[in-house]
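Structural characterization, general
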Amino acid sequence: MKLNPKKTAVIFKAFCDENRIKILQLLTDGEKCACKLLEALNITQPTLSHHMKILLDSGIVNGRKEGKWMHYSISKEGLEKAQEYLDILKEKGE
């Protein structure tokens, strides 16, 4: 498999911010409503939306709407794709 530079950059952009890492940590124990993420992170709703868009676009996080709130969870498939890209880079570097 070859790396697609654009897709790879989108995936790894998800890991390049302290707040996004905190969000991923919060999601490790299961799905969370955006309201719970807001409480835990002490950030504004527009800031959370910005970070969640990046995480959703990367495929690392899944989102589903329930009523007026979004619920987020970690995507196993997204993490596997990120790991696959890391493995390719590792193999090329050896």
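Residues numbered from 1 in each chain as written. Predicted model: local features only at pLDDT ≥ 70, side-chain atom pairs only at ≥ 80, totals over all residues. Heavy atoms only, no water.

1. Focus: helix H4 (residues 45–58)
Residues separated by three or four positions in an α-helix point in the same direction, a consequence of the helix having 3.6 residues per turn. Spanning 14 residues, H4 covers 20 Å between terminal C-alpha atoms, matching the ideal 20 Å at 1.5 Å per step. The set of residues buried in H4 consists of Leu 48, His 51, Met 52, Ile 54, Leu 55 and Ser 58. For H4, the angular spread of buried residues about the axis comes to 155°, placing them on one side. At its buried positions, H4 is contacted by helix H1 (5–13), helix H2 (18–27), helix H3 (34–41), strand E2 (61–66) and strand E3 (69–74). Gly 59 sits one or two positions beyond H4 and adopts a positive phi of about 85°. (Helix = DSSP H or I, 4+ residues; strand = E, 2+ residues; numbered from the N terminus. Expected span 1.5 Å × (residues − 1). Buried < 20%, exposed > 50% of the residue type's maximum accessible area, 1.4 Å probe, protein only. Arc of directions from axis to C-beta. Contact = heavy atoms within 4.5 Å.)

2. Comments concerning the packing of aromatic side chains
Tallied over the full model, the rule gives one aromatic pair. When the ring of Phe 12 is compared with that of Phe 15, the centres are 6.1 Å apart and the planes differ by 40°; the resulting orientation is tilted. Look at Phe 12 and you get partly exposed, because its relative accessible area is 21%. Taking the relative accessible area as the measure of exposure, Phe 15 reaches 29% and is therefore partly exposed. (Phe/Tyr/Trp six-rings, centres within 6.5 Å; stacked < 30°, edge-to-face > 60°.)

3. With respect to the pairing of E2
As paired elements, E2 and E3 share six bridges and run antiparallel to each other. Following the sheet pairing, Arg 64 is matched in E3 by His 71. The turn linking E2 back onto E3 is made up of two residues, and Gly 67 within it adopts a positive phi angle of 65°. (Pairing = 2+ DSSP bridges.)

4. What to know about the nonpolar core
Ile 23, Leu 48, Met 52 and Val 61 are the most contacted members of the largest nonpolar core, which has 18 residues in total. Among the elements of the structure, H2, H3, H4 and helix H5 (76–93) are those that each provide at least two residues to this core. With four residues, H3 is the largest single contributor of residues to this core. Not counting chain neighbours up to four residues away, the residues in contact with Leu 48 comprise Ile 23, Ala 34, Leu 37, Leu 38, Leu 41 and Ile 43. (Core = buried A, V, L, I, M, F, W, Y, C linked by side-chain atoms within 4.5 Å.)

5. Some thoughts on the pattern of salt bridges
Applying the stated criterion across every chain, the model contains six salt bridges. One continuous salt-bridge network, built from bridges that share partners, spans Glu 31, Arg 64 and Glu 66. (Salt bridge = Lys/Arg side-chain N within 4 Å of Asp/Glu carboxyl O.)

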